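Chain by chain, the residues:
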Amino acid sequence: MADEDVRIDPWSSTQSTDYARIRDQFGLSELPLHRIPEPSMLHRRGIIFAHRGFNTVLDAMERGEPFGVLTGLMPSGRMHLGHTLVIEQIRWLQSRGADVTITVADLESLATRGTSLKQGRQVAMNEYISNYPALGLDPERTSVYFQSRRPIVQRLGFVLGEKTNRSTMESIYGFDGTTNLAHVQAPLVQAGDILHPQLEEYGGLRPIVVPVGIDQDPHIRFTRDLATSTNWFNINRRKNGGVTIALSIQPGNHGVFGVDTNGRVDMQVRRQFFDRLIERLNNDGWSDMIPNPKHGTLEIPAATEQSSQQLKHALLGIERELGGLGLLPPTSTYHRFAVGLTGDKMSSSNPETTIFLDDEEKAVVKKIKEAFSGGRETVEEHRRHGGDTDKDVAFQYLTTFFEPDDLVLADIGRAYREGTMLSGQLKQHCIDSALEWLKDFKERRDSTRSLSEMMLADDSL
Ligand code: TRP
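Predicted model, so just to flag it, every value in this text is computed and none were measured.

## Some points on the overall build of the protein chain
Phase 1: Looking only at helices and strands, the protein chain features 18 helices and eleven strands.
Phase 2: Against the 2.2 N^0.38 benchmark of 23 Å for 461 residues, the protein chain shows a C-alpha radius of gyration of 25 Å, consistent with a compact globule.
Phase 3: In terms of overall dimensions, the protein chain has C-alpha extents of about 85 × 50 × 45 Å along its principal axes.
Phase 4: When each of the 461 residues of the protein chain is scored for burial, the buried share is 52%.
Phase 5: Taking the contacts inside the protein chain whose residues are at least 6 apart along the sequence as the reference set, 73% of them involve residues at least 24 apart.
Phase 6: For the protein chain, the accessible surface area stands at approximately 21900 Å², while carbon and sulfur atoms represent 48% of it.
Phase 7: Across the protein chain, the centroid of the 52 positively charged side chains sits 2 Å from that of the 63 negatively charged ones.

## Brief notes about the site of the ligand
Phase 1: Near the ligand the following residues occur: Leu-70, Gly-72, Met-74, Ala-105, Glu-108, Gln-190, Asp-193, Ile-194, Val-210 and Gln-216.
Phase 2: Between the ligand and Glu-108, the relevant distance is 2.8 Å, taken from a nitrogen atom to a side-chain nitrogen or oxygen of the residue.
Phase 3: Separating a nitrogen atom of the ligand from a side-chain N or O atom of Gln-190 is a distance of 2.8 Å.
Phase 4: Protein coverage of the free-state accessible area of the ligand, which is 370 Å², stands at 87%.
Phase 5: Looking at the shell around the ligand, the elements with two or more residues in it are strand S3 (68–73) and helix H9 (181–195).

## Some points on the pattern of salt bridges
Phase 1: Evaluated as defined, the whole model comprises 27 salt bridges.
Phase 2: For the salt bridge of Glu-88 with Arg-91, the shortest nitrogen-to-oxygen distance reads 2.8 Å. Separated by three residues within a single helix, Glu-88 and Arg-91 lie in helix H4 (residues 81–95), roughly one turn from each other.
Phase 3: On the accessibility criterion, Glu-88 (25% relative accessible area) is partly exposed.
Phase 4: Between Arg-166 and Glu-170 there is a salt bridge whose closest N-O contact spans 3.4 Å.

## A few points about helix H8 (residues 166–173)
Since the α-helix packs 3.6 residues into each turn, any two residues three or four apart lie on the same face.
Phase 1: For H8, the full list of buried residues reads Met-169, Ile-172 and Tyr-173. For H8, the angular spread of buried residues about the axis comes to 75°, placing them on one side. When the buried face of H8 is taken as reference, the exposed residues oriented beyond 90 degrees from it are Ser-167 and Ser-171.
Phase 2: In this fold, the buried residues of H8 make contact with H9 and helix H10 (217–230).
Phase 3: Structurally, the start of H8 carries an N-cap: the backbone nitrogen of Ser-167 is 3.2 Å from a side-chain oxygen of Asn-165.
Phase 4: Where H8 ends, the next residue or the one after it, Gly-174, has phi of about 70°, a positive value.

## Concerning the packing of H4 against helix H16 (residues 393–402)
Phase 1: For the pair H4 and H16, the least separation of the axes is 11 Å and the interaxial angle reads 40°. Taking contact as the criterion, the partners of Leu-81, Thr-84 and Leu-85 in H4 are, on H16, Tyr-397, Thr-400, Phe-401 and Phe-402.
Phase 2: Partitioned by chemical class, the residues of the contact of H4 with H16 number five nonpolar, two polar and no charged.

## Examining the sheet that holds strand S2 (residues 48–52)
Phase 1: On the basis of which strands lie adjacent, the open sheet formed by seven strands has the order S1-S2-S11-S6-S3-S4-S5 and mixed pairing. Two strands bound the open sheet, and with one partner strand each, they are strand S1 (29–30) and strand S5 (142–146).
Phase 2: Summarising the sheet, strand S4 (residues 99–104) and S5 pair through five bridges and their orientation is parallel. Residue pairing in the sheet places Thr-103 in a bridge with Tyr-145 of S5.

## Section: the confidence of the model for the protein chain
Phase 1: Averaged over every residue, the pLDDT of the protein chain is 94; residues scoring 70 or more account for 96%.
Phase 2: Contacts for the low-pLDDT stretch residues 8–15, under 50 throughout, to residues beyond four places or in other chains number 30 contacts.

## Things to note about the pairing of strand S7 (residues 233–237)
Phase 1: Relative to strand S8 (residues 243–247), S7 runs antiparallel, the two being bridged by five bridges. Its bridge partner being in S8, Asn-236 is matched across the sheet by Thr-244.
Phase 2: Taking the residues between adjacent antiparallel strands as the criterion, S7 and S8 are bridged by five residues, where Gly-241 takes a positive phi near 95°.

Basis of the calculations
Residues numbered from 1 in each chain as written. Predicted model: local features only at pLDDT ≥ 70, side-chain atom pairs only at ≥ 80, totals over all residues. Heavy atoms only, no water. Helix = DSSP H or I, 4+ residues; strand = E, 2+ residues; numbered from the N terminus. Rg over C-alpha atoms; globule rule 2.2 N^0.38 Å. Buried < 20%, exposed > 50% of the residue type's maximum accessible area, 1.4 Å probe, protein only. Contact = heavy atoms within 4.5 Å. Areas by Shrake-Rupley, 256 points an atom, 1.4 Å probe, with all protein chains shown as cover. Lys, Arg positive; Asp, Glu negative; His and termini not counted. Charge placed at Lys NZ, Arg CZ, Asp CG, Glu CD. Near = heavy atom within 4 Å. Polar contact = N/O pair within 3.5 Å; in protein donor to acceptor, adjacent residues only side chain to side chain. Salt bridge = Lys/Arg side-chain N within 4 Å of Asp/Glu carboxyl O. Arc of directions from axis to C-beta. Axes fitted to C-alpha atoms, helices over the stretch in contact; angles between N-to-C directions. Nonpolar A, V, L, I, M, F, W, Y, C, P; charged D, E, K, R; others polar. Pairing = 2+ DSSP bridges. pLDDT = per-residue confidence, 0-100.

What follows is the structure in structure tokens.
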């Protein structure tokens, strides 16, 4: 990375806001708004601005096929506005048919913040999970589990550990010789979190989306690479059209693929395997395949870009029948950083930077009054030159959290930029909307609190 490049890692992120540049630099795709049915205000306003592989989820949505969403929470601190951003996205995905899995990252919290498991459980229940029904999650279709109580995510993390090494983890996460080993394990357990919903007992093969802040992208890339490196079949595009399927020889598939203990290919076993593979793919409707058992490749000249996604599913299914994991890479969407009220990073350790869901009205009024403004020094200057809605935190909070009506928001923005609306007036609008939002939320929470227990998975009761 060049010096001027944006550097982002999950534990200490800079606050770059040039999102188009971030998207290009990280190799993310632009969110295809035209494909998003009944987009939420977060989509419409460009707050969710990029993705990796999300097309596969949109395909499933369009075809009425299953897909899931997963997120994780760190059980430390109090729940604040920033945390609602992901929950709102989960709510939207759930309304479009997604099954919902939520991880309480109690092991990660133990490793990176010194939170005991008991403490983590209390905080998770009282501060986070009890708010979810009031934020719109359907308690009957939401499954919350604790990392420490679901051994499969730890086992999967361990198994995936074989596919990476120290240099990779050092370069992605900035780990060095002094990093404690629990911290090193946390990303692997998290990869286990993200991938395990695809296992048969947790819903089976289907695309999963993980909505995250842009600072979490290293985890996503890491997990996508791990998933791909477990695959027994790689699909590569051919120069003249179509695809080539190539066997990926790994310790777990030597027997199946006809590789003996010396690494030599047993051609009889290999040919038999190819015959079975071709027969299976034939049954799925694929034809005109050119096998090269010796090289471990199978060409399908007629496969198109579109159909290769179905081919991938078929091959992952076959891999599972043969004893492999058969994992799709997770997909992701990225939302912007929620800026802190002070204009700095939003953080629960600096209470003045955010609004907690249980803040008193008085505190909320004070925080917004003192929020970083995009107004001018004097009223006169403001009237003449107008305010800056990109910098104004009250305006950002209306955009991201509190003003659901696009037309109202546009009117406020225009008036502020033209100088007819003053900073104090804009802040007052934000205060009114925030108090109404919080009042609604608190009412709903009081009536739905008891429903949150329903969300706990059996292994986490
Ligand atoms: N690392 C995440 C955080 O710091 C928590 C987390 C654990 C997570 N497992 C996850 C997030 C799976 C998304 C998906 O907040």
